[in-house]
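Commentary on secondary and tertiary structure
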Amino acid sequence: MLQAKIVVIGSINMDLVTRASKFPRAGETLLGNSFHRFMGGKGANQAIAAARLGADVCIVGAVGDDDFGYEMTTNLCREGIFTEHIQTLTGLPSGMANITVADDENAIIVIAGANMGLTVADIENAEQQIASADVVLSQLEIPMDCVITAAKLAKKYGKPFILNPAPAQFLPSELWELVTLLTPNRYELADCLGLSQDLNPEELILKAPCPVLMTMGDKGAVYKDGKDSLRYVSSFKVDTADTTGASDAFNGALSVFWNQGIETAVRKACAAAALSITQDGAQNGMPFKEELEQFLAAHQ
């Protein structure tokens, strides 16, 4: 099978992870259980997820001219990812995410830093890579005009554009028309549509103006097939260590296996997401191709 070519346009962050027995209430101070530093950012996470599954990956993003920026760029190179389109921005800090993990769930505050210094010109400079890609993948931790430019270039060259709309925000109509597949969870889709969080997943999917693949955590995923009916894909039961990178593992794998058809791609993406949460740290948990194949063979 030919190696999939993926262009990821997105954020590159350093994750500062605190584990605790519970989440603090407003004004409350807790003693945590541990603290670790991991490289993250949804763009970098998804790029590594795709690369470890055998894809030829190019990432377009920005870091600050600080130690974090150098360390994260070096790490992406080490993973075999093409990093020539990572901008190092003078005077800006690299992006960071403060993550609290408790009760097998996580709460995240992202400090955008250099990620918001990415420009439309930076995206346009990667046009050649987009033109030769099998899939273009992006998220919402970078400026919206950069996301729209990436989507327009993908459409120009007839390339699938997958958008993981996190952190969620109301999406402009121009972007809805360019998206091949939107991959939100329930709450993200409601925010993207500007609708009530009380609507059930089926109602939200049917109201979306573009194809939607909704992730549902340990319940798997659901999408609308060609007959306007909803198809559910189950997840896999595993022992959970850290759920931080599950969505990114899912999107990276979905892109790698996109050309195998939506049903196969979603099943493999669910498996990759399950494997990713068995280890601490978003990028640490991204499975390699051989791990995924063995896992799927054991779960026929």
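Residues numbered from 1 in each chain as written. Predicted model: local features only at pLDDT ≥ 70, side-chain atom pairs only at ≥ 80, totals over all residues. Heavy atoms only, no water.

Here's the deal with the UniProt feature "binding site: substrate" (unreviewed entry) in the chain
This chain's UniProt record puts "binding site: substrate" (unreviewed entry) on Asn 13, Met 14, Asp 15, Gly 41, Lys 42, Gly 43, Ala 44, Asn 45, Glu 141 and Asp 248. Those residues in contact with Asp 15 that sit more than four places away from it in its chain are His 36, Arg 37, Phe 38, Met 39, Gly 40, Gly 41, Ala 97, Ile 99 and Ala 282. Relative to the helices and strands, Gly 41 resides in the loop between β3 (34-40) and α1 (42-52). (UniProt positions renumbered as here; feature names shortened; annotations may be inferred. Contact = heavy atoms within 4.5 Å. Helix = DSSP H or I, 4+ residues; strand = E, 2+ residues; numbered from the N terminus.)

Notes on the environment of Ser 132
Looking at the secondary structure, you find Ser 132 in the loop between α4 (127-131) and β8 (135-138). Judged by relative accessible area, Ser 132 falls into the partly exposed class, the value being 39%. Each C-alpha atom, one on Ser 132 and one on Ile 6, is 9.0 Å from the other, the two residues being 126 residues apart in sequence. Those residues in contact with Ser 132 that lie beyond four places of it in its chain are Lys 5 and Lys 159. A polar contact is formed between the side chain of Ser 132 and the backbone oxygen of Gln 129, at a distance of 3.2 Å. (Buried < 20%, exposed > 50% of the residue type's maximum accessible area, 1.4 Å probe, protein only. Polar contact = N/O pair within 3.5 Å; in protein donor to acceptor, adjacent residues only side chain to side chain.)

Topic: the pairing of strand β2 (residues 13-19)
Of all the 7 residues making up β2, 5 are buried; the element is thus mostly covered by neighbouring parts of the structure. One ladder, built from 7 bridges, connects β2 with β3; its direction is antiparallel. Directly across from Asn 13, in β3, lies its bridge partner Gly 40. As paired elements, β2 and strand β6 (residues 95-102) share 7 bridges and run parallel to each other. Paired with Met 14 across the bridge in β6 is Met 96. (Pairing = 2+ DSSP bridges.)

A word on the sheet that holds strand β9 (residues 161-163)
Strand order in the open sheet formed by 6 strands is β5-β4-β1-β8-β9-β10, with parallel pairing between adjacent strands. The open sheet is flanked by β5 (82-89) and β10 (181-182), the only strands paired with a single partner. Judged from the 5 bridges that link them, strand β1 (residues 5-9) and strand β4 (residues 56-64) form a sheet pairing that is parallel. Opposite Ile 9, over in β4, you have Val 60 as the bridge partner. Contacts from helix α9 (residues 246-256) reach β1, β8, β9 and β10 within the one sheet, and its direction differs from that of β8 by about 165 degrees. (Axes fitted to C-alpha atoms, helices over the stretch in contact; angles between N-to-C directions.)

Comments concerning the sheet that holds strand β12 (residues 221-224)
Pairing is antiparallel across the open sheet formed by 3 strands, whose spatial order is β11-β12-β13. In this open sheet, the two edge strands, each paired with only one partner strand, are β11 (213-215) and β13 (230-233). Taken pair by pair, the neighbouring strands of this sheet meet at an average axis angle of 20 degrees, ignoring direction. Bridge count for β12 against β13 is 4 bridges, and the pairing is antiparallel. Its bridge partner lying in β13, Ala 221 is registered against Val 233.

Focus on the nonpolar core
Core analysis: the largest hydrophobic core is formed by 53 residues, its most contacted members being Val 57, Phe 250, Leu 254 and Val 266. Leave out the neighbours within four places in its chain, and Val 57 touches Ile 6, Val 8, Ala 47, Ala 50, Ala 51, Ile 81 and Phe 82. Counting residues in each nonpolar core, the second largest holds 43 residues, with Ala 62, Ile 123, Ala 133 and Ile 148 among its members. (Core = buried A, V, L, I, M, F, W, Y, C linked by side-chain atoms within 4.5 Å.)

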